[in-house]
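Here is how the chains run, residue by residue.
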Amino acid sequence: MKPTLTVCPYCGTGCMFHLLQDDSGRLTGVEPSGGHRISRGQLCVKGWNAHAFVQHPDRLTSPLIRRDGQLQPASWGEALDLVHSRLTQLADQHGSDSLMFLSSAKVSNEENYLLMKLARAGFRTNNIDHCARLCHSSSVTGLVETLGSGAMTNSLDCIDKTELILVIGSNTTEQHPLIGSRILQAVQRGARLIVADSRRIRLSRHADLHLRHRNGTDVALLNGIMRQIVEEGLEDTSFIADRTESFAALQASLESYTPQRTAEITGLEPEQIIDAARLFGGAKSAMLFYAMGITQHSHGVDNVRAVSNLALLTGNLGRPGTGINPLRGQNNVQGACDMGALPDVFTGYQKVADPDARQKFSTAWGVPLSSTPGLMSTHAIDAAVAGRLKGFFILGENPILSDANQAHVRQALEKLDFLVCVDIFRTETCELADVVLPASCYAEKDGTFTSTERRVQRGRKAIPPPGEAREDWRIIAELLQRCGMPADYADPSEIMAEIAGVTPSYGGIGYDRLGRDGLCWPCPDRAHPGTPILHRKQCTRGKGRFSPVKYQPSKEEPDAAYPLLLSTGRTYFHWHTGTMTRRSHLLDREERKAFAELNPLDAQKLGVREMQTIRISSRRGSIEVMAELTDRVPPGQVFVPFHFAEGAANVLTNNALDPESGIPEFKVCAVRVEAL
């Protein structure tokens, strides 16, 4: 067997393993990296099966062009010429901002950088975004405001040193299993655990305190805990005095969140609020972990601000065993953000509106650049429906399944003049495309990926792409050249050298330095060892800023017509839109059908039996799925995984947006259930 060390393509934990290849070139399995500091010889079930989809017969192997209403094979030259000519034509006719580029958290840093460069330098638009808009844009917006950096503040090694862990809005053992495992190990050695989640997730079985608050009431819960901490004098007064600003404003904003009022809003008991405050405030070191359970709301940025306020209030920042730790959903969400696949920043979060930053990139690329921030991907969907957006270039994403309100997204994509998809499988979104370009998956290319703890690691090529498929960076480089941009890179290491030259936080990153464990940014120069813990002596912005927030109800709550509350999420065996895991036989065998979790009390009222087909309807559409009766969900709530195209949860979800981050309210909408 030939082993190739590379990065797992699933969640943002950053595990590494060896892909195993036999003499015929077939991938036969994986072997965990025993010495790697994150995976430590372990993998989750998805990691163990990460080879299974790579050589699946459904892989795209040649470019496709729509002719006479059908996608038909074409040559690379014809396909790339058509992409360039049609995008150029639309930009000439309607302006550069009639184009939109959607990058991917599943491709490498180098490929995200090149697509950002293609949008900004090749087609002169800042309309570039990626799926962080749907998962952690709230984190970037909220934490940049309060701390100066939107990234995870600490390393995963800190879990081994903490006294207390608060997990809110994260089903960690299923979404990030190895991080969940480390949390459980911390509990076994004596760390206290608070879990705030309306569902009875696996992690809650091991918690000292499980807070089953109503979905959408996170701000009230966190404000109530903070008020009680201040009431009992458990705040870190010296940290507040030395390291923060605006504490008086925070203190005034908390006054009304008594245990009684907080309990009324959240559905908890007042004693639970008090117990949580004493546990958290009494710990010498505490870590906060959260994920999409608090970010995917119409007030997601406020949720993140509240988490940051709690950390600053108790001095849990800048030390081992502390910190604010947003868990990234895909293997390179952090890297795609770092690489400027966002509408308002270049690499390293350098603002496009900043004349100095813009001049730096203009000089590096040899072209003038726009100072106007571009469209968020969710706003781009609205612009397409309105007819303002004409061309869309989608790299490795499947918005038909991943975006809220599927009918709205389909309407947007069908109204476009020209749609390009670059992917490894013929997804639901590809079926609407004018051109489909066959790409490479993680096992078929070199590149770097940045994990949830800001660790930049090398992915290594084990096998060539199938048929005529190409590495994504080569596809984008050819389009750059058609735009008149020099892009004759010999390999991705040359692209990383270019990235390091324009990105201070990646200034010391080079392939020769990454080795087995990689480096955590910021790493400003070649002598720097990397930075596992941020904000040690001061926050990136200087003093940490308390940002008071007020509880606001979700945009759509249950009523007489739609009496149940829907929430969505992931399961242990599948991942996101199922494009890869549902083509992995062992994973698909474990969970083959779309289902919904329904509390037995609700099922009894509705006349629903276990495994019966039910229809779930919202104001946006209906799906039919199998009922799973369980007390994991509380009465009045329904949970639907979003992996299954045939029972797509996002047919139902609400595309109401957070006004600051543009993230949709995936986690709360009103539905009704009928037995079929």
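In this report, we go over the structure that sits alongside the text. (Residues numbered from 1 in each chain as written. Predicted model: local features only at pLDDT ≥ 70, side-chain atom pairs only at ≥ 80, totals over all residues. Heavy atoms only, no water.)

Describing the environment of Phe123
With respect to the helices, strands and loops of the structure, Phe123 is situated in the loop between helix H3 (109-122) and strand E7 (128-129). According to the relative accessible area criterion, Phe123 is buried, its value standing at 6%. Considered as a pair, Phe123 and Leu369 are 246 residues apart in the sequence and their alpha carbons are 9.8 Å apart. Apart from residues lying up to four places away in sequence, Phe123 is in contact with His84, Leu87, Thr88, Ser96, Leu99, Phe101, Leu118 and Cys483. (Helix = DSSP H or I, 4+ residues; strand = E, 2+ residues; numbered from the N terminus. Buried < 20%, exposed > 50% of the residue type's maximum accessible area, 1.4 Å probe, protein only. Contact = heavy atoms within 4.5 Å.)

Overview of the packing of helix H5 (residues 137-146) against helix H14 (residues 300-313)
With their axes 8 Å apart at the nearest point, H5 and H14 run at an angle of 45° to one another. The pairing of H5 with H14 is recorded here as oblique in orientation. Along this stretch, H5 crosses H14, giving a crossing that reads as right-handed. Contact with H5, carried on its side by Ser138, Ser139, Thr141, Gly142, Leu143, Glu145 and Thr146, involves Gly300, Val301, Val304, Arg305 and Ser308 of H14 and no other residues of that element. Looking at the contact of H5 with H14 residue by residue, the class counts come to three nonpolar, seven polar and two charged. (Axes fitted to C-alpha atoms, helices over the stretch in contact; angles between N-to-C directions. Parallel < 35°, antiparallel > 145°, perpendicular 65-115°, else oblique. Left-handed = near helix turned anticlockwise from the far one by under 90°. Nonpolar A, V, L, I, M, F, W, Y, C, P; charged D, E, K, R; others polar.)

Focus: the packing of aromatic side chains
For the coordinates displayed, the defined rule picks out 12 aromatic pairs. Aromatic side chains Tyr113 and Trp365 sit 6.2 Å apart centroid to centroid with 65° between the ring planes, which places their arrangement in the edge-to-face category. Of the two residues, Tyr113 sits in helix H3 while Trp365 sits in helix H16 (residues 355-365), which places them 252 residues apart along the sequence. Taken together, the ring pairs connect Tyr113, Phe346, Phe361 and Trp365 into an aromatic cluster. When the ring centre of Phe639 is taken as origin, the NZ or CZ atom of Arg199, which lies over that ring, is 3.7 Å away. (Phe/Tyr/Trp six-rings, centres within 6.5 Å; stacked < 30°, edge-to-face > 60°. Lys NZ or Arg CZ within 6 Å of the ring centre and 35° of its normal.)

Remarks on the packing of helix H8 (residues 218-231) against H14
Where H8 contacts H14, the two axes come as close as 9 Å, and the packing angle between them is 20°. In terms of axis orientation, H8 runs roughly parallel to H14. Two packed elements cross with a definite hand, and for H8 against H14 that hand is left-handed. Between H8 and H14, the contacting residues are Asp218, Val219, Leu222, Ile225, Met226, Ile229 and Val230 on the first element and Asp302, Asn303, Ala306, Val307, Asn309, Leu310 and Leu313 on the second. Its residues assigned to classes, the contact of H8 with H14 shows 10 nonpolar, two polar and two charged.

What to know about the sheet that holds strand E10 (residues 209-211)
Taken together, the five strands give an open sheet; going across it, the order is E10-E9-E8-E12-E13, and neighbouring strands pair in parallel fashion. Looking at the sheet topology across the chains shown, the edges are occupied by E10 and strand E13 (323-326). Across the sheet, the mean angle separating the axes of adjacent strands is 15° when strand polarity is ignored. Strand direction decides the pairing type here: strand E12 (residues 286-290) and E13, joined by four bridges, are parallel. Across the sheet, Leu288 pairs through a bridge with Ile324, a residue of E13. Contacts from H14 reach strand E8 (164-168), E12 and E13, with the element oriented near 175° to E12. (Pairing = 2+ DSSP bridges.)

By themselves, these are just geometric observations and shouldn't be taken as functional.
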